[in-house]
Amino acid sequence: MTSRQLTLFSPEAFPEPDPCGTTVVSWGLGADSTAIILRFLENPTAYGLRPDLSDLVVITAHTGMEWPDSISLAEEHVLPRLRAHRVRYVQIARGGASIAQCGIEILSDTRNPTRIHTSGRWSLLLDLRESGTVPLYGGSRLCSVRAKGEPLDLWFKEHLAGPYRHVVGFESGEMSRAAVDTSYPKPGRRPWYPLINWGWDRPTLLAYLKSRLGVSYPKSFCWACPYPVSSGSLPDHMARSKRFPAQIAEAAMLEYTAQALNPLFTLYAKSSLREELHRVGNTAALDLLAERLDTGPWSIYEVRRVLTAGRSEYCETWHGPRCAPCVKKAKHLGLEVEEWSRCKDCRAIRKPLCRRREPLCSDPQRKGTVWRSVHRVGVLPRRQARAGLQRFADRPGRTLEHTASSVPGYDFGFERVVTVRRGSSYPAMERQFVAAPASVPSKARSGFKTAWESAIELRAAAEARPLGPRTLAEM
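Residues numbered from 1 in each chain as written. Predicted model: local features only at pLDDT ≥ 70, side-chain atom pairs only at ≥ 80, totals over all residues. Heavy atoms only, no water.

## Here's the deal with the pairing of strand β8 (residues 362-380)
Across 12 bridges, the pairing between strand β7 (residues 298-311) and β8 is antiparallel. Within β8, the residue paired with R311 across the bridge is S362. Bridge count between β8 and strand β12 (residues 443-444): two bridges; the pairing is antiparallel. Residue S373 lies in a different strand from β12, and its bridge partner there is A444. (Pairing = 2+ DSSP bridges. Helix = DSSP H or I, 4+ residues; strand = E, 2+ residues; numbered from the N terminus.)

In structure tokens form, the structure reads like this:
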């Protein structure tokens, strides 16, 4: 956290909520939330809990991608304590790709827990495998929202009545994350960040766990998580990967497939997982990946993308929801709301909508929505899939492009035929044929056909009569 963030956020900004009917601890199986649970068990009344802990619920939303040591440590050291204190422990998972249609799956709800479930019907692994993507290292951690946030919110809504304290294990150096969490108010939820209130950073809580359990507790995150690089824990992540080569090879398989469909998709911002495994000499994981690529089923994919133009500065200024003061001022001046420029507060309103799609609303230098279509052709051995792509490339006007393996001594390269190449402005289109593992079914985002046809028309119009972008000053 920067000094500026420390100025903006302080422990006093996140006070402990008053005790209420239920306290729910989100247990991610890692060190942070484990330390909180143990401290609650040691002295319940000190933290506003009943002496018998009948008002405490511990809940885990499973991703299906937890490290084996996180599970074994939880079963060995935490579950016996939950059983001894008769604490209610709930394990859930997302019920399917659409939580609105499939809801959540209750894997366990008991005061006598004996095991940690590893996955439900839906898992983040299955979702990533079928979508041909990897978790993104920038943005709003959508993978965590889908696998944990949305299932937890639905369980709270369906199983809790009245206000409840929701305990989240953000450390004292993660006040900016707490600020983001509190910016999404939900009925009845009173967020609580005990580690911030206690001033506990990571060394402090690890020392506490060591004194209570006699073990060094690891951080909990999915084995395909991209954040170890940005958090500075990549060395620990790579050391863990050597202990569990099967899991990290699965992550490398996800990355390889995603990169085949989109060359820009690597697990880390500046390198691939394969390169990092090679750098630390994890040949066990690389050999497993090579074996899976050689023996598993492959397909030839047609991949099309449309990248629309983003909203222009003009559009952001004039089109979208208005705050109350702007509406009041416009009415005072006798103007229509749409005739009054949006202020800074208006622009801060989430998901501003454009009510009028005018030509000036789009900026060809800003990327907007990305639409993708994947069409899978056949299920073949790797050699036959590559041979089929070569035959396709032998036709006039086509070229087989080969990207060399990023790891010496392994066949981790890619072959593709690009028939439509992305331009330098938006809307942009691209179309390619590539050989890749056959884990991704044919699918297209809803509305892709309309977006593709619209992009073709705009591209034809631009080629016939090119126009430079107009700026707000030219109006």
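## Overview of the packing of aromatic side chains
Evaluated as defined, the whole model comprises 16 aromatic pairs. A centroid spacing of 5.2 Å and a plane angle of 65 degrees characterise the contact between W198 and W200, whose relative ring orientation is edge-to-face. Between the aromatic rings of W200 and Y208, the centroid separation amounts to 5.1 Å while the plane-to-plane angle is 55 degrees, which identifies the pairing as tilted. Judged on exposure class, the residue W200 and its partner Y208 are both buried. Among the aromatic residues, those joined into a ring-pair cluster are F40, Y47, W192, W198, W200 and Y208. Here the basic side chain of R94 rests over the ring of W122, its NZ or CZ set 5.6 Å away from the ring centre. Cation over ring: R445 sits above W371, and NZ or CZ is 4.4 Å from the ring centre. (Phe/Tyr/Trp six-rings, centres within 6.5 Å; stacked < 30°, edge-to-face > 60°. Buried < 20%, exposed > 50% of the residue type's maximum accessible area, 1.4 Å probe, protein only. Lys NZ or Arg CZ within 6 Å of the ring centre and 35° of its normal.)

## Structural notes on the pattern of salt bridges
All told, the structure shown has 27 salt bridges when counted by the stated rule. Salt-bridge contacts for R279 lead to E276; the nearest nitrogen and oxygen are separated by 2.7 Å. You can see R279 and its partner E276 sitting in helix α13 (residues 273-279), three residues apart, about one turn around the helix. Put simply, D294, R382, R386, D411 and E415 are held in one network by salt bridges that share partners. (Salt bridge = Lys/Arg side-chain N within 4 Å of Asp/Glu carboxyl O.)

## Comments concerning the sheet that holds strand β3 (residues 88-94)
With mixed pairing, the six strands of this open sheet are ordered in space as β4-β3-β2-β1-β5-β6. Two strands bound the open sheet, and with one partner strand each, they are β4 (104-110) and β6 (189-192). The sheet shows a mean angle of 25 degrees between the axes of neighbouring strands, direction not considered. Here strand β1 (residues 22-26) pairs with strand β5 (residues 164-167) via four bridges, running parallel. Among the inter-strand pairings, T23 is bridged to a residue of β5, identified as R165. (Axes fitted to C-alpha atoms, helices over the stretch in contact; angles between N-to-C directions.)

## Quick word on the nonpolar core
Counting residues in each nonpolar core, the largest one holds 55 residues, and the members touching the most others are M65, W223, L254, L273, Y301 and F412. The element best represented in this core is helix α12 (residues 245-261), accounting for nine residues. One finds V25, F40, A74 and Y208 within the second-largest nonpolar core, a separate group that totals 34 residues. (Core = buried A, V, L, I, M, F, W, Y, C linked by side-chain atoms within 4.5 Å.)

## Quick notes on the environment of A74
Inspection of the secondary structure puts A74 in helix α3 (residues 68-84). Take A74: its relative accessible area is 0%, and that puts it in the buried class. In this structure, the C-alpha to C-alpha distance between A74 and G30, residues 44 residues apart in sequence, is 8.5 Å.

## Focus on the packing of helix α2 (residues 31-42) against helix α9 (residues 202-213)
Between two packed helices, what matters for the description is the angle formed by their axes and the separation of those axes. Remark: α2 packs on α9, axes separated minimally by 10 Å, with the N-to-C direction vectors making an angle of 55 degrees. It follows that α2 is oblique to α9 by the angle criterion. Seen along the crossing, α2 lies across α9 with a hand that is left-handed. Side by side, α2 and α9 meet where A31, D32, T34, A35, L38, R39 and E42 of the first sit next to R202, L205, L206, Y208, L209, R212 and L213 of the second. Here the contact of α2 with α9 is composed, by residue class, of eight nonpolar, one polar and five charged. (Parallel < 35°, antiparallel > 145°, perpendicular 65-115°, else oblique. Left-handed = near helix turned anticlockwise from the far one by under 90°. Contact = heavy atoms within 4.5 Å. Nonpolar A, V, L, I, M, F, W, Y, C, P; charged D, E, K, R; others polar.)

## What about the environment of V167?
With respect to the helices, strands and loops of the structure, V167 is situated in strand β5. For V167, a relative accessible area of 0% gives the class buried. Separated by 141 residues in sequence, V167 and S26 have C-alpha atoms that sit 6.1 Å apart. Setting aside its immediate chain neighbours within four residues, V167 contacts T23, V24, V25, S26, I36, F40, W192 and P194.

## Digging into unusual backbone geometry
For the peptide bond that leads from Y426 to P427, omega is 5 degrees, which places it in the cis range. Counting through the fold element by element, P427 comes out in the loop between β10 (414-420) and β11 (428-437). Phi is positive for L29, which is not a glycine, with a value near 75 degrees. Relative to the elements of secondary structure, L29 occurs in the loop between β1 and α2. When its relative accessible area of 1% is taken as the criterion, L29 is described as buried. Positive phi, close to 60 degrees, is recorded for L53, a residue that is not glycine. Structurally, L53 can be placed in the loop between α2 and β2 (56-61).

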